Every structure is written in C-alpha cells, then in structure tokens.
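Take a look at the letters that make up each chain.
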Amino acid sequence: LNQARKTITVMAEALGEMANGANGINGHMKPASLRIVVVGAGIGGLTAAIALRQQGHEVVILEQSSFATEAGAAIHLAPNANGILRRLGIFAEETGANPMQRFTEYTAAGTETRSISTEASNEMWQHPWLLAHRVHLHETLRKVATSPDGKGLPAQLHASSKVIDVDPINATITTEDGVRYNGDLVLGADGVHSVTRLKVPGGSVKPFGSGKSAFRFLIKRKVAQDDPRTSKFVQRTGELAIWYGADRRIVMYSTSNNELLNFVNIHPESESEASGDWNTQANLEKMLEVYKDFDPAVLALLGKADPESLKVWKLLDMPILPTWINERLALLGDAAHPFLPHQGQGGGCAIEDAASLAVCFPADTPVSEVPARLKLYEKIRYERANRIQEYSRIAGHDLRDNVKLDSTFATI
Ligand SMILES: Cc1cc2nc3c(=O)[nH]c(=O)nc-3n(C[C@H](O)[C@H](O)[C@H](O)COP(=O)(O)OP(=O)(O)OC[C@H]3O[C@@H](n4cnc5c(N)ncnc54)[C@H](O)[C@@H]3O)c2cc1C
C-alpha cells in the first residue's frame, strides 16, 4: 500500500506540474515534440491522448468502431482514477456522476447482512469516489481529446480504422484498409482482444473465461421507487447493494444524478450464452431463471430490465504478461492487463496507465529516449496493476469458497 501511495504521489506531483504548464508547455505556442499513434479510443486510449496532448505531443488515435455501440453501463470512478481525470480538467459530476455513499449487502433470500456508510471513509481520500455513466465518460474523454480548445494540439481521431499490424521497431501501424501511420511511439490501448499485444514478447497469450458471466442493464430508479415491492431497495442515493447467492450475485448501484440504476449480475458462465464481447444481447427469461431462488422482491427488480438493452458478457481473465513493451510500442489498459470487474478498477487502472505514460514523456523528449522511457513506464505500473488485478480476482470468489472478503469489498 505504501508503495502504491508513493507511486500515486509521484504521479500526482508530475500531473500537477503538467496542469500548471511546467515542462515548457504553453498552449498552442509550443511545437509538438513526439508523434504518438494510439490504437483504440476507449477509456485508456482517450485518457492517454488527453494527457499526452497536454504534454505537447502530436497524437493520432485509430479506432476500429464507428462509436455507435459504446457500452451503456455505469462505471466506478474511484479516487485514484477520478483524481487523475480532475487534474486533466475533467469533472465527471458535470455529466451526472454521483458520489458513492453506502454499501449494503443482502443474502439471496433478501436478509440485510450489513450496511455501511462510506461518507466517513471517503474523507480520507483527496478526491471523491463517483459512480459515472460509461457513455457520458467516454463522450467527455473524446471531446476533451479532440477539442480545438485546451492545452496542446487536438488529437486526430480516425474512426472505422481497424489496426491489423504494428511494427514496434519503426513505430508504424497498418489498418485494415491498408493505410499506414508512422510515429515515434505506438500505444496499444485496444482492449481485452488486443492485436498490438501480439507484438510484445510473450504477448500471444489468450484471454480465457473466468467461469463467470454477467448480465447487465440500466433501469430508471423512479420505476423501482414507484413499485411497492421494490421501493425499499432504492430509497437512498449513492448506494451500492449486493445480493449474494452461493455461486452468483446481483450488484446494483445508482448513477446519472441517481436517476438510473445499474445492474451487473454475475453468475456461472455455463448458465447463459455470453461471449467475450460486451454487447451480446441477452434473454430476460433466462436471467430470471438464473436467479429464480432469489428474493421475489429482487426478481421484481430484475424483471424491469428492458429486454432490448439487456446484455450478457463473459468475464475474461488472462495470464500476466511478462512485459508490456517492445522497442517503441507500449500496451496500456485492458490490452496489458484485462481485469475481472469485481473491484471496479479496470477503467481506473487504464486511466492510471495513461497518466503514467504522459508523465514519462515530457515535451521535447528525444525520439532516441523512447525505448528507455517505456521501460520506466513499465516499472512504474507493472507491479501495481498486476496486484490490483489479483485483488479483483479475490473479490470475485464465490461465497461458498469461504474467502474472507471483509477487507476486499466487491464493488462492481
Ligand atoms: C459493463 C462494464 C462495467 C464496468 N465497470 C467498471 C467499473 O466500475 N470501474 C472500472 O474501472 N472499470 C469498469 N469496467 C472495465 C472498464 O470499462 C475497462 O477495464 C476499460 O474500459 C478498459 O479500457 P481500455 O481503454 O483498456 O479498453 P476499452 O475501453 O475496451 O477500449 C479499447 C478500444 O480499442 C478499440 N479497438 C480494439 N481493437 C482495435 C483495433 N484492432 N483497431 C482499432 N481499435 C481497436 C475498441 O473498439 C475500443 O474502443 C467495466 C466494463 C464493463 C463492460
């Protein structure tokens, strides 16, 4: 923990300097120093683009999608991630993120086993713990990365540009359409099914099913408040509730100014037809069947899911990579360390990776220093990210595994 605190302090100081215009950055006046090609415009890639443009670099982002299907779900912005976003000028409460205020746990039968306010513990952190809507967060990151306003040059974002190959020595990528982009540095922020990962030593490992999948959906909180069977569960703002069965659980928390409730229902992989894609359509009847032994009042909550927007997603794990870098290529976020979601830190760690990279690349970094500076980035991040990944695995253990969870709250 001390090591983690030290790392965060060093990053915070460096980010503070960035925000204050140290390192010679002076808005549009300063010529860009490195040309950086980012593969993937997800949470990690966009945060990296923002932090690196603020450092004075020229950033090009290549994204395979047309942004039509961004996952409609909530995301925790714990203080570690939220603090970085704030230093980059992003305040998620402006787009409806609400504070996390309370944990409540129930048995599957509906008996409350504990309910703990987080108001006092939140005081020890420098930045608020927020519950954000993923789509709003993504839109904000995209806007800040590419806006003509703000520090540095706007990042150029090319949608519908699927990267199929990377040359780490020459920092060149090739898209499916045969277009080549050459840079001084390539960042592989292309998520759990990364293609850039194949280009780091030991990167041919494949993500595998962890044994669990998750149904996910959002409903209006008002709908649950208006139903006498379910209103008792949704009285308080900023509350995260978990109903624990032996090998399955239901997780619910509010977002979007507490107007929406986000559900992530984790269950044995064999009981639903999930894929590793976050947007696989799910079946409402099937979800109710999976949770049939739970409290009928909770089933009434689940029954409010809109069948059209109900998704199911296989929770993937992956062996730890021996390295995240190769010459002038570095991985970040899920490409480097795909997280199980049980502590809500996958996005947070991608944000931390992005900020750390920018700290390692101040303006005017000579191209010749790129490989050595990537080694520094890896040194800063590797142990911390892998440790959080391990905590997430522990928090995901089934109740029947009898793993003591008191100090490792599951949060997703
Ligand atoms: C429902 C849900 C809830 C979650 N809740 C939380 C939470 O509470 N807290 C938290 O911290 N994390 C949470 N996560 C996890 C978090 O969203 C991920 O860990 C995070 O998005 C990882 O960011 P990333 O940028 O590495 O990858 P992604 O966000 O997956 O972005 C990768 C991007 O790369 C693009 N791409 C992929 N391949 C290519 C290619 N070949 N060429 C070009 N582009 C490519 C993809 O289209 C995508 O846009 C949640 C995830 C889901 C699905």
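Refer to the structure above for everything that follows.
Residues numbered from 1 in each chain as written. Predicted model: local features only at pLDDT ≥ 70, side-chain atom pairs only at ≥ 80, totals over all residues. Heavy atoms only, no water.

Q: Explain the side chain of serine 194 to me, please; I cannot follow it from the model alone.
A: Summarising the element assignment, serine 194 is placed in the loop between β12 (185–188) and β13 (208–220). Within the structure, serine 194 has its side chain in polar contact with the backbone nitrogen of arginine 197 (distance 2.9 Å). (Helix = DSSP H or I, 4+ residues; strand = E, 2+ residues; numbered from the N terminus. Polar contact = N/O pair within 3.5 Å; in protein donor to acceptor, adjacent residues only side chain to side chain.)

Q: Which parts of the structure should I look at to understand the sheet that holds strand β19 (residues 325–326)?
A: Strand pairing in a sheet relies on backbone hydrogen bonds. The paired strands run either parallel or antiparallel. Judged by pairing direction, the sheet is mixed, and its six strands sit side by side in the order β8-β2-β1-β12-β20-β19 without closing on themselves. Single-partner strands in this sheet number two, and they are β8 (156–158) and β19. Pairing of β12 with strand β20 (residues 329–331), which is carried by three bridges, proceeds in the parallel orientation. Considered in β20, the bridge of glycine 188 is made with leucine 331. (Pairing = 2+ DSSP bridges.)

Q: When you look at the pairing of strand β16 (residues 260–268) in this model, what are you seeing that I'm missing?
A: Where a strand is regular, its side chains alternate between the two sheet faces. Burial analysis of β16 places nine of its nine residues in the buried class, the great majority of the element. In terms of strand pairing, β13 meets β16 through nine bridges, oriented antiparallel. Considered in β16, the bridge of leucine 218 is made with asparagine 262. Relative to β16, strand β15 (residues 249–255) runs antiparallel, the two sharing seven bridges. Bridged to tyrosine 253 within β16 is asparagine 262. Here β15 folds back onto β16, and the loop between the two strands holds four residues, one of which, serine 256, carries a positive phi near 55°. (Buried < 20%, exposed > 50% of the residue type's maximum accessible area, 1.4 Å probe, protein only.)

Q: So what exactly am I meant to see when it comes to the site of the ligand here?
A: As a matter of local geometry, the ligand sits amid 34 residues, with Gly44, Glu63, His76, Asp334 and Gly347 nearest to it. In the model, an oxygen atom of the ligand is placed 2.7 Å from a nitrogen or oxygen of the glycine 347 main chain. One of the backbone nitrogen or oxygen atoms of glycine 348 is found 3.0 Å away from an oxygen atom of the ligand. Burial of the ligand by the surrounding chains reaches 92%, relative to a free accessible area of 1,000 Å². Elements with a minimum of two residues in the shell around the ligand: α2 (43–54), β3 (74–77) and α9 (346–360). For the shell around the ligand, the element with the most residues is α9, which contributes four residues. Considering only residue class, the shell around the ligand consists of 14 nonpolar, 14 polar and six charged. (Near = heavy atom within 4 Å. Areas by Shrake-Rupley, 256 points an atom, 1.4 Å probe, with all protein chains shown as cover. Nonpolar A, V, L, I, M, F, W, Y, C, P; charged D, E, K, R; others polar.)

Geometry only, nothing functional implied.
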